[in-house]
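# Close look at the chain arrangement
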Amino acid sequence: MSASITEPARQIPLYGEYEVAVLGGGPAGIAAAVAAARTGRRTLLIERYGFLGGMGTAAGVTNFCGLHANVYGEAHRVVQGVASDLLDRIDRLGGLNAPHLILGKIFAQAYDTAAYKIAADDLLAAHKVDILFHALGAGVIMQDERHIDALMVETKAGRQAVRAGIFIDCSGDGDLAAWAGAPYEVGDAAGGMLFPSMMFRLNGIDPAKAGDAWRTIPELMEKAAAAGTRFPRKGAIVRPQKSGIEWRVNFTQLAREDGSAVNGLEPDQMTRGEIEGRRQAQQAFEFLRTVPGFEKSYIVDLPPQLGIRETRRVVGGYMMSGDDVLGCASFEDSIGVNGWPMEQHVAGDVVFKFPPIPQSRGFNELPYRMLVPEGVDNLLMAGRCASMTHEGQSAARVSGACFAMGEAVGAAADLALSGNTIPRDIAVEKLQQTLKQQGAFIGRDQRVPDGM
Ligand SMILES: Cc1cc2nc3c(=O)[nH]c(=O)nc-3n(C[C@H](O)[C@H](O)[C@H](O)COP(=O)(O)OP(=O)(O)OC[C@H]3O[C@@H](n4cnc5c(N)ncnc54)[C@H](O)[C@@H]3O)c2cc1C
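Basis of the calculations
Residues numbered from 1 in each chain as written. Predicted model: local features only at pLDDT ≥ 70, side-chain atom pairs only at ≥ 80, totals over all residues. Heavy atoms only, no water. Core = buried A, V, L, I, M, F, W, Y, C linked by side-chain atoms within 4.5 Å. Buried < 20%, exposed > 50% of the residue type's maximum accessible area, 1.4 Å probe, protein only. Helix = DSSP H or I, 4+ residues; strand = E, 2+ residues; numbered from the N terminus. Contact = heavy atoms within 4.5 Å. Pairing = 2+ DSSP bridges. Axes fitted to C-alpha atoms, helices over the stretch in contact; angles between N-to-C directions. 1 Å grid on protein atoms, 1.4 Å probe; cavity = no way out; pocket = protein on both sides within 12 Å on 5 of 7 lines; lining within 4 Å. Points joined across faces, edges and corners; volume = space filled by probe spheres on them. Phe/Tyr/Trp six-rings, centres within 6.5 Å; stacked < 30°, edge-to-face > 60°. Lys NZ or Arg CZ within 6 Å of the ring centre and 35° of its normal. Polar contact = N/O pair within 3.5 Å; in protein donor to acceptor, adjacent residues only side chain to side chain.

## A look at the nonpolar core
The biggest cluster of nonpolar side chains holds 71 residues, and the ones touching the most others in it are Ile168, Tyr368 and Met405. Residue contributions to this core peak at twelve residues, all from helix H11 (residues 399-418). Excluding residues that lie within four positions of it along the chain, Tyr368 makes contacts with Asp333, Ile335, Leu380, Ala412, Pro423, Arg424, Ile426, Val428 and Leu431. Counting 22 residues, the second-largest nonpolar core is a separate cluster that includes Ala21, Ala164, Ala180 and Ala182.

Next up, the structure:
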């Protein structure tokens with residue numbers, strides 16, 4: 001063991017006692033907190049930054065995937081519920097693009113980061129969610145082996161404790177579940193995770209001259225590569241935001257010295273990843289400046305953090321797999337759907353795998369069991385750290401499915417508290433009914449929502 005010191009025991013102030021405490025304010029955490037609070041549950045959302053949105057804002061993603069599915073050749077918005085409320089609010093602020101087609105098969109929808117942050121604040125306020133920003137979840141105190149008593153958070157006012165009846169892990173990294181002793185997996189069979197990227201945005205682009213540059217950039221990259229330019233990966237995504245003078249760039253890939261992905265759970269690797277990510281962004285920018293229409297552009301934003309796609313995946317009652325995605329699997333305990341294909345960020349490339357299009361319905365159902373961890377009884381999880389295999393997570397980690405999972409766990413927490421039972425034992429039919437009544441699409445016998 002490396003050198004260590006002993007921390008003396010100390011009294012920790014209790015920040016508050018809640019019925020539901022959600023760790024992490026990304027798409028999963030936003031939806032979970034709203035869904036719990038609108039049932040009347042005293043709900044606290046804890047977030048380490050001073051704004052909501054998770055990777056969507058903190059890592060500069062600025063684009064929703066997985067809200068839509070290609071259903072027998074036709075696009076449908078299959079994630080509704082809380083996500084629709086949030087999207088409407090972003091749209092009212094003028095920050096939502098029309099959906100755009102990706103790879104000729106599936107739609108995504110870009111948004112403005114500032115509008116997302118403001119819309120998410122408004123959404124949580126409208127549902128009376130208490131928020132604690134600038135609080136880093138740092139550990140748990142267990143009541144017994146299977147029950148969390150309190151979540152410890154580090155704040156500028158020192159360490160504090162949050163008590164809750166039900167805890168929801170939406171940290172993306174499964175922090176809370178890991179501290180509570182729930183089992184988890186990391187990476188593929190060899191431990192390799194999806195590669196992270198440093199996103200950035202350019203401003204000062206001439207939209208008329210740039211035109212559909214996202215179509216020509218791959219060819220320009222090939223030419224530049226043939227002439228000796230080294231790019232960190234193929235499959236660069238360079239697309240306009242709401243205002244055509246601003247484009248987002250998803251171009252970089254962060255590896256360790258041995259070629260494996262930077263590990264988002266490792267502070268030293270994250271430190272090097274941040275610095276190397278910014279260096280790659282600058283290099284990518286030097287190439288992009290040669291694209292017609294980009295000559296006068298500049299980097300307007302490097303986000304607060306490196307974009308992490310995958311770390312811990314907590315093991316629950318079912319692990320949603322890549323086969324489930326490609327086979328458009330159905331589950332009796334479905335609580336929502338995933339319409340995004342597998343999107344594997346492997347060394348030097350991005351590999352997409354779709355269910356058969358247009359022959360299939362293009363989405364798989366998400367079973368409630370993937371949100372209930374093994375081993376801990378007053379905990380649920382949602383989002384990219386939910387119970388999925390490495391392959392399954394490469395699809396359902398995107399925002400759409402995270403919103404759907406989050407909404408389900410928030411409602412499930414209420415049902416568990418109402419029935420004085422643990423989340424694992426709630427009546428799933430009742431959860432499904434509640435979600436449908438709230439406007440969510442859960443698959444099963446429900447008609448696929450019309451339109452975009
Ligand atoms: C580079 C990149 C590009 C992507 N592109 C797209 C895209 O185009 N479209 C799309 O839909 N998805 C995209 N994704 C995936 C998507 O953004 C994420 O998978 C999604 O945001 C996951 O949602 P989540 O709520 O599970 O977790 P996250 O978004 O990771 O949110 C977790 C939240 O918890 C907070 N948190 C974590 N640990 C703690 C702690 N200990 N204490 C307090 N707070 C904590 C974080 O600050 C964060 O706000 C991309 C991801 C990356 C990295």
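That was the structure; now back to the text.
## Here's the deal with the sheet that holds strand E14 (residues 237-240)
One open sheet accounts for four strands, arranged E14-E15-E13-E16; its pairing is antiparallel. Since the sheet does not close on itself, it has two edges, and those belong to E14 and strand E16 (298-301), each with one partner. Neighbour-to-neighbour, the strand axes of this sheet turn through a mean angle of 35°, independent of strand direction. Relative to strand E15 (residues 247-250), E14 is paired through four bridges, and the arrangement is antiparallel.

## Some points on empty space enclosed by the protein
Per the stated rule, a full pass over the model turns up one cavity of 30 Å³ or more. Taken as a whole, the largest cavity encloses approximately 60 Å³ of empty space. As for the largest cavity, its lining consists of Val78, Val79, Gln80, Ile335, Gly336, Val337, Ala404, Glu407, Leu435, Ala440 and Phe441. Taken together, the elements giving at least two residues each to the lining of the largest cavity come down to strand E18 (334-338) and H11.

## Structural notes on the packing of aromatic side chains
Tallying each qualifying case throughout the model produces 13 aromatic pairs. Ring centres 5.4 Å apart and planes at 5° place the aromatic pair Tyr49 and Phe51 in the stacked group. Here Phe51 falls in the buried class, since its relative accessible area comes to 16%. With 6.3 Å between their ring centres and 20° between their planes, Phe352 and Phe354 make a pair best called stacked. Note on Phe352: relative accessible area 25%, which makes it partly exposed. Phe354 gets classed as buried once you look at its relative accessible area, which sits at 18%. Among the aromatic side chains, those forming a connected cluster through ring pairs are Phe64, Tyr111, Tyr116 and Phe403. A cation over an aromatic ring shows up here: Lys105 above the ring of Phe354, its NZ or CZ 4.6 Å from the ring centre.

## Regarding the sheet that holds strand E3 (residues 63-65)
Taken in spatial order, the three strands line up as E3-E7-E6 in an open sheet, and their pairing is antiparallel. Of all the strands in the sheet, the pair left with one neighbour each is E3 and strand E6 (100-102). Looking at each pair of strands side by side, their axes are set apart by 40° on average, direction ignored. Two elements, E3 and strand E7 (residues 106-110), share three bridges in a ladder whose sense is antiparallel. Looking across to E7, one finds that Asn63 is bridged to Ala110.

## Here we look at the environment of Glu365
Positionally, Glu365 belongs in strand E21 (residues 364-367). Taking the C-alpha atoms as reference, Glu365 lies 8.8 Å from Asp333; in sequence the two are 32 residues apart. If sequence neighbours within four positions are ignored, Glu365 has contacts with Ala329, Ser330, Phe331, Ser334, Gly336, Val337, Ile442, Gly443 and Arg444. Among the polar contacts made by the side chain of Glu365, one reaches the main-chain amide nitrogen of Phe331 at a distance of 2.7 Å. In terms of polar contacts, Glu365 uses its side chain to reach the backbone amide nitrogen of Arg444, at 2.6 Å.

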